[in-house]
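These are the residues of each chain, in order.
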Amino acid sequence: MTSSSSAPHASRYLAYDPSNVFACIIRGDLPCYKVLETAHCLAFLDINPVAHGHTLLIPKFHNASESAAVIMDITDEQCMLWMKELPRVARAVQKVTKAEGITILQNNLAAGGQEVFHPHIHIIPRFANDKLIRIQRNHKNADAAAAGTKQLAPEDGVNTAALIADALKASDESHL
C-alpha cells in the first residue's frame, strides 16, 4: 500500500453526516443488540432483519477526517481493520442460526440500495427456499431469458477488465 491510501481525504461521493443512525449507535446515543465491538468496528443485529440473525458490521470512525458515507471513501487501512472481523462474525451467525448459507451484502449510494450512509456489511443467514432475493444468472434457460440476463460477451469482458485494471493501477499513484 502506498502512503496515500492512509492519508485523510475529502469525500468524493457523499458528505458524511455524523448524525446518521450508525454514528449514533457507535457513540451510544442509540441502543443496539451488540454482538462484537473492537477499536475499529461494531457488529450488531439489524433492527429490521430480512432473516433471523441478520447482522450488520460497521467501521468505527475516530475523527471527522476518517469519516465516510460510502466504502469508496474509506482508506485501505480502515477497510482492512473493519473487514478482518467479517469471517469471524459470519461464522458465528451461521453457527447460531444453523443457516445453510450466508449472504454477505454491501450497498453503496442510493442507486446501489444504501439506506444508511455509513459503510456497513449485511451478514444474512440463508436457507434453501427462503424466498430472499438471489442474483439471477444466465444458465441458457427460460428462467434466465425471463430475468433479462445474458452472458458476458468476450470483447466486453476484455475491454471492461482492462479499464478496471487501469483504474486500479492509477489508484496506486493517487488514491482514486
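It should be noted that the structure appears before, not after, this text.
What this report covers is the structure whose coordinates are included nearby. (Residues numbered from 1 in each chain as written. Predicted model: local features only at pLDDT ≥ 70, side-chain atom pairs only at ≥ 80, totals over all residues. Heavy atoms only, no water.)

Focus on the nonpolar core
As a rule of thumb, nonpolar side chains are buried together in soluble globular proteins.
Link 1 in the chain: Leu 57, Trp 82, Val 89, Ile 121 and Ile 123 are the most contacted members of the largest nonpolar core, which has 18 residues in total.
Link 2 in the chain: Secondary structure elements with two or more residues in this core: strand 2 (41–45), helix 3 (86–97) and strand 5 (121–126).
Link 3 in the chain: Considering every element that reaches this core, the biggest residue donor is helix 3, with 4 residues.
Link 4 in the chain: Counting residues in hydrophobic clusters, the runner-up holds 7 residues, among them Phe 22, Ile 25, Phe 44 and Ile 58. (Core = buried A, V, L, I, M, F, W, Y, C linked by side-chain atoms within 4.5 Å. Buried < 20%, exposed > 50% of the residue type's maximum accessible area, 1.4 Å probe, protein only. Helix = DSSP H or I, 4+ residues; strand = E, 2+ residues; numbered from the N terminus.)

A look at a nonpolar patch on the surface
Link 1 in the chain: On the surface, Tyr 13, Leu 14 and Met 72 cluster together into a nonpolar patch covering about 250 Å² of accessible area.
Link 2 in the chain: If you trace the backbone, Tyr 13 turns up in the segment before helix 1 (21–27). (Patch = residues over 30% accessible without salt bridge, like charges linked within 9 Å, V, L, I, M, F, W, Y side chains within 5 Å. Areas by Shrake-Rupley, 256 points an atom, 1.4 Å probe, with all protein chains shown as cover. Salt bridge = Lys/Arg side-chain N within 4 Å of Asp/Glu carboxyl O.)

Considering the environment of Met 80
Link 1 in the chain: Along the polypeptide, Met 80 turns up in helix 2 (residues 76–83).
Link 2 in the chain: By relative accessible area, Met 80 is classed as partly exposed at 46%.
Link 3 in the chain: Distance in space between the C-alpha atoms of Met 80 and His 40 is 9.7 Å, their sequence separation being 40 residues.

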